[in-house]
Amino acid sequence: MQTDIDPRHLIGRKAFDRNGTRIGTIDEVYLDDATGVPEWAAIRTGLFSRDAFVPLEPSELIDGALHVPFERALIKDAPDFGVGRHLSPEQELQLYHHYGLDLASPPPLPDHDFGKLAGKED
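Residues numbered from 1 in each chain as written. Predicted model: local features only at pLDDT ≥ 70, side-chain atom pairs only at ≥ 80, totals over all residues. Heavy atoms only, no water.

Notes on the pairing of strand 2 (residues 22-31)
Then, in step 1: For strand 1 (residues 14-16) and strand 2, the ladder comprises 3 bridges, and the chain directions are antiparallel. Its bridge partner lying in strand 2, K14 is registered against T25.
Then, in step 2: Taken together, strand 1 and the strand that follows it, strand 2, pair antiparallel across an intervening segment of 5 residues, in which G20 is found at a positive phi of about 85 degrees.
Then, in step 3: With 6 bridges connecting them, strand 2 and strand 3 (residues 38-44) associate as antiparallel partners. Directly across from V29, in strand 3, lies its bridge partner A41. (Pairing = 2+ DSSP bridges. Helix = DSSP H or I, 4+ residues; strand = E, 2+ residues; numbered from the N terminus.)

This is the structure in structure tokens:
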């Protein structure tokens, strides 16, 4: 997804699944706490239904609509955390697992040689 798009411009846009089936309309956009980059969209899936969270990466904005690379059924079955509140790291992890998107583990710390230990000779 384009990272330079203003998240306020996503609200109100239509969203479609991988087959081009309309999912609904974007209600809210959630930003990453550390980077401020748009990370999740809450999509209203119908008049009386709930909002479903979808990842903005690897989704694409095409011709003014959000195209999500997942089936509508998977999107509608996403964990429901309610909208208007902050997503906790645990909730985000549940969503990533739901969509089969594993977070990359951080790279291992380099093995530093901090010098000789006291009292040891080479």
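Quick look at the environment of D51
Then, in step 1: By secondary structure assignment, the location of D51 is in strand 4 (residues 51-55).
Then, in step 2: Judged by its relative accessible area of 4%, D51 is buried.
Then, in step 3: Spatially, the C-alpha atom of D51 lies 8.9 Å from that of F81, the residues being 30 residues apart in sequence.
Then, in step 4: In this structure the side chain of D51 is engaged in a polar contact, spanning 2.8 Å, whose partner is the side chain of R44. (Buried < 20%, exposed > 50% of the residue type's maximum accessible area, 1.4 Å probe, protein only. Polar contact = N/O pair within 3.5 Å; in protein donor to acceptor, adjacent residues only side chain to side chain.)

Regarding the pairing of strand 3
Each regular strand carries side chains that alternate between the two faces of the sheet.
Then, in step 1: Within strand 3, 6 of the 7 residues are buried, leaving the element largely enclosed by the surrounding structure.
Then, in step 2: Following strand 2, the chain reverses through 6 residues before pairing antiparallel with strand 3; G36 in that reversal takes a positive phi of roughly 80 degrees.
Then, in step 3: Relative to strand 4, strand 3 runs antiparallel, the two being bridged by 5 bridges. When the bridges of strand 4 are listed, A42 appears paired with F53.

Remarks on the nonpolar core
Generally speaking, soluble globular proteins have nonpolar side chains that are buried together.
Then, in step 1: Ranked by internal contacts, the top residues of the largest apolar core, which has 24 residues, are W40, F53, V54, L66 and I75.
Then, in step 2: Excluding anything up to four places from it in sequence, W40 contacts E28, V29, Y30, F53, V54, P55, L56, L87, E92, L95, Y96 and Y99. (Core = buried A, V, L, I, M, F, W, Y, C linked by side-chain atoms within 4.5 Å. Contact = heavy atoms within 4.5 Å.)

Focus on the confidence of the model for the protein
Caution is warranted with low-pLDDT regions, since their predicted coordinates should not be read in detail.
Then, in step 1: Of the residues in the protein, 80% have a pLDDT of 70 or more, and the chain-wide mean is 84.
Then, in step 2: Looking across the protein, the model is least confident in strand 5 (residues 60-62), with a mean pLDDT of 91, and most confident in strand 1, with 96. (pLDDT = per-residue confidence, 0-100.)

Digging into helix 2 (residues 89-98)
Then, in step 1: Listing the buried residues of helix 2 in full gives E92, L95 and Y96. Buried positions in helix 2, seen along its axis, are confined to an arc of 100 degrees and lie on one side of it. Turned more than 90 degrees away from the buried face of helix 2, the exposed residues are E90 and H97.
Then, in step 2: Those residues of helix 2 that are buried lie in contact with strand 3 and strand 4.
Then, in step 3: Positioned one or two residues after helix 2, G100 has a phi angle of 70 degrees, which is positive. (Arc of directions from axis to C-beta.)

Remarks on the sheet that holds strand 4
Then, in step 1: The 6 strands are arranged 4-3-2-1-6-5 in an open sheet whose pairing can be described as mixed. Strand pairing shows two members of the sheet lacking a second neighbour, strand 4 and strand 5, which therefore form its edges. On average, each strand axis in the sheet is tilted by 40 degrees relative to the strand beside it, whichever way the strands run.
Then, in step 2: As defined by bridge partners, strand 5 adjoins strand 6 (residues 65-67) across 3 bridges and the pair is classed as antiparallel. Within strand 6, the residue paired with E60 across the bridge is H67.
Then, in step 3: Contacts between helix 2 and the sheet are confined to strand 3 and strand 4, with strand 3 contributing the most and set at about 75 degrees to the helix. (Axes fitted to C-alpha atoms, helices over the stretch in contact; angles between N-to-C directions.)

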